[in-house]
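What follows is each chain in one-letter form.
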Amino acid sequence: MSSRLSGAFRTRGGPLIVTCIVAGDPSFEESIRISRELIAAGADIIEIVMPFSDPVADGPIIQQAGSRALAAGMNTDLLFDLVREVRRETAIPLLIMTYANIVVRRGIPRFYRDAADAGADGVVVADVPLEEADPFCTAARMAGIDPILFVSQTTSPERMERILAKAGGFVYLVAALGVTGMRDDLSPQAIDLLRRVKQKTTLPVVPGFGISTPEHVRQYADAGADGVIVGSALIRMIGDRGTPMAEQGQGMGDLVRAMKRSAGRG
Amino acid sequence: MSRFGEYGGQFVPESLMYALDELDAAYRTIVPSEEFREEMGYYLSEYAGRPTPLTFCRNMSADLGCKVYLKREDLLHSGAHKLNNALGQALLTQFMGKRRIIAETGAGQHGVASAIAGAALGLSVEVYMGEEDMQRQALNVARMEMLGATVIPVHSGSRTLKDAINEALRDWVANVQDTHYLIGSVVGPHPFPSLVRDFQTVIGQEIREQVMAKEGRLPDVMVACVGGGSNAIGMFSPFLDDPVELFGAEAGGEGLAGRHGATLCGGTPGVLHGSYTYLIQDAFGQVLESHSISAGLDYPGVGPEHSFLCDEKRVTYQAVTDTEAVDSFLYLSRTEGIIPALESAHAVALARRIARDREKEDILIINLSGRGDKDVAQVAALIKEGP
Ligand SMILES: Cc1ncc(COP(=O)(O)O)c(C=O)c1O
C-alpha cells in the first residue's frame, strides 16, 4: 500500500473523511483554492475526479460539475498538473477517480506513471470491474499506485473474495445501488455489507455514494467504517451561480468540519 | 467469450456485473432452449411477419447494371429490423421473470419496437430518448405513447442516442434486480453484442435460403448501413466464412472533415458504453458529438464486432454523406416506389457507388433495414429549403 494511504488509515481514531472535488470545476485555479479549503477544514484524503464525457456511474450533480469543468478546458494533462499543485501543499493522500476511456486513451501504463509522478496515491476507475481489472491493477502496482476496487450490494460472496484478493489501498464500498448523488437515508443493506466486508479483509473499507450528512457519517462510524467518501454533497456547493466562490469554499469547509466531529475526530 | 479479438468486454460499474452475469447465463441456457425457440418462432412468423421478402428490383437492376435485391425489413411489423431484437429480448425478460423493460432510442424505431414487444408480452416499458431526437422523430414519440410506453426525455450531453444510453445504464444500475435493459443494437457490454447479433441473424439466414432458391448461388456483394451495427451484423453473420464481399455504410454526415458519425472510417479505439471499440473521441478520450441526418446512425461508437471485422478487413466500411443519403432516399422512392428509412438510404447510396464496378450477372443485396415514413416530414422540409 502507498505509505501515505496506509499511514493515514493507521493513525486515525474514527473514519477518515475522503472529500471529492471535480478537477477544473469551475476552473483550474478554483480547484486549487477549494482543495486548500478542504485541507484547512481537516479533510483526510482528497479524491480528484477527472471528468469524462459519458459518466454512467454519476448522478446529475457530478455530471454537471464534469460538464462545467470540460467546458472550462479541463483535460488529462491539466489533471496531473492539478495533482502536482495540490501535492506541493499537502502530505495527505490524494486519489484520482475517473473512467476507463480516460486511462485507456492515454495508455494504461503511462496514466499510472503520470499519476505517480504527480504525487497521487491511489486511482479509482468507475467502470472497471474485476473482469477488466488486470491491466489496470498491474500498471498501478508497477507505478507504485494503489488500485482501488469496488464491492457492491450485488457482489456475490465468491466474487467478493476474488475482488479482495486483487484490491489495493482500501475497498471502495458502493453504499447505494444506482449513481452518485445525495440521499436522505442510508440503506441498512450498506451497513450490513460493510460488516460482511470487514470480516473478509484487513484492507480498510470505505463506503461512498450518497453520503450527504454528518448523521450518515456517524452511522458509518458506529458500523466500523474506516473512512467515508463525500462527493455530491460537497460538489453541489460549487457552481451555485450567484454565490461568491469564497462562500462556496466556506460552505464546503463547514460540512467537512461537521462530518469530522460526527466521525469522532473533530 | 466476451471479446471479438481485442474488442468488446465489460466496462461497467461493479453494481451492474450481477445483471450482466445473470443475462449471460440466460443467453447461454434460455435462448438455445426448445421452449424459447418455439415461442420466438411463433412471435417472428405469426406476429412480426417473417420471413420478409427478398425483392428483385427490376428498375434498379437495369439502372445499375447488376442484379439488385432488397431484403425487406421495412415490411416487418413496426417498419424496421429492430423488432427482431426487441421481441427476442422481451421474451427473454419474460423467461427471466422480470416485469420492467427500459430501452434507449435514437430514431425511435427501437423505442417503438420495444413498446410493441412490451405490449405483446405484458411488460412495462420506459424509453429514454434524447430531447433533440424527440423533436426530429416526433411521429415515433407519438407511436410509443400510443403503444402504452413512457418516453423519458434526456437533457444531458448531446441530447441524442449516446446520452439516452447513458441514462438507461444509470437507471439499470439503480434497478438491476427487477429490470431488463433492452439495448437496441450490437453495442454495450458483453453479452449484449452477441445476444443482439443472434436475434438479428434471422435476416442473414433468410437471405441465404431466399437467394439460393432464386439464384441457386450465394450473392457476390451485400451492403447494410451501420449505426451501432445490428442490421448489418444480422445480415453478415451467416456469410462471414463465404466468398461474399461485405460493405457497411457509415454516417458520413457533412463529410469526414466535418461533423459525422462514421466511427470506423474516422475514429480510434476506446471505451464507451461498456465496450472497447472504435469511437469518435478527442486526444484525451472525451467522446465527441456525432452528427448524421439520420437519428439512427447518429452515434459516436459502434458495435465491437464491427471494430474487429474492420481491423481484419473482412468487411469494408465506407462513409455516406447526408446529401448522398437524401439523394438515395429519393432515388429508391422514385425508382422502385419504396420509401426507405434515412438510415437504410445510406446503404442504398453505398450500393449505387459499388454497383459501378460490377458485372451484369453479379448479385448485390441491400439490407433495407426500415421504411421511411418517420423521415418523410424531415426530407420534405429539406427539399423545400433547397440545397
Ligand atoms: C431503420 C434503421 N436502420 C438502421 C438503424 C441503425 O441501427 P443498427 O446499425 O443497429 O442497425 C436504425 C436505428 O435506429 C434504424 O431505425
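Residues numbered from 1 in each chain as written. Chains lettered and ligands numbered in written order. Predicted model: local features only at pLDDT ≥ 70, side-chain atom pairs only at ≥ 80, totals over all residues. Heavy atoms only, no water.

### Remarks on the site of the ligand
All names here are of chain B. Surveying the vicinity of the ligand reveals 19 residues, the closest of which are Ser 185, Gly 227, Gly 229, Ser 230 and Ser 369. Residue Ser 185 places a side-chain N or O atom 2.5 Å away from an oxygen atom belonging to the ligand. One nitrogen or oxygen atom from the side chain of Asn 231 is found 2.8 Å from an oxygen atom belonging to the ligand. Burial of the ligand by the surrounding chains reaches 97%, relative to a free accessible area of 390 Å². With respect to the pocket detection grid, the ligand is positioned in the largest cavity. Its residues assigned to classes, the shell around the ligand comprises 6 nonpolar, 11 polar and 2 charged. (Near = heavy atom within 4 Å. Polar contact = N/O pair within 3.5 Å; in protein donor to acceptor, adjacent residues only side chain to side chain. Areas by Shrake-Rupley, 256 points an atom, 1.4 Å probe, with all protein chains shown as cover. 1 Å grid on protein atoms, 1.4 Å probe; cavity = no way out; pocket = protein on both sides within 12 Å on 5 of 7 lines; lining within 4 Å. Sits in = over half its atoms within 2 Å of the grid points. Nonpolar A, V, L, I, M, F, W, Y, C, P; charged D, E, K, R; others polar.)

### Thoughts on the interface of chain A and chain B
By a widely used convention, the size of an interface equals the accessible area lost when the partners come together. The partner chain B presents 36 residues to the 39 residues of chain A that form the contact. Inspection of the region where chain A meets chain B yields 3 salt bridges. Among the ionic pairs, Glu 14 of chain B bridges to Arg 159 of chain A, the shortest N-O distance being 2.9 Å. Where the side of chain A that touches chain B is concerned, the elements lending two or more residues are helix 3 (60-71), helix 4 (76-89), helix 5 (100-106), strand 5 (146-152) and helix 8 (157-166) of chain A. In terms of residue count, the dominant contributor to the side of chain A that touches chain B is helix 5 of chain A (6 residues). Taken together, the residues that form the side of chain A that touches chain B break down as 21 nonpolar, 9 polar and 9 charged. (Contact = heavy atoms within 4.5 Å. Salt bridge = Lys/Arg side-chain N within 4 Å of Asp/Glu carboxyl O. Helix = DSSP H or I, 4+ residues; strand = E, 2+ residues; numbered from the N terminus.)

### Describing empty space enclosed by the protein
Remark: the empty space left among the atoms is shown by a probe the size of a water molecule rolled over them. Residues and elements named next belong to chain B. Scanning all chains against the criterion turns up 7 cavities of 30 Å³ or more. One number sums up the size of the largest cavity: a volume of about 340 Å³. Elements represented by at least two residues in the lining of the largest cavity include exactly strand 5 (100-105), helix 5 (109-121), helix 8 (161-174), helix 11 (230-236) and helix 15 (342-355). The computed volume of the second largest cavity comes to approximately 180 Å³. (Points joined across faces, edges and corners; volume = space filled by probe spheres on them.)

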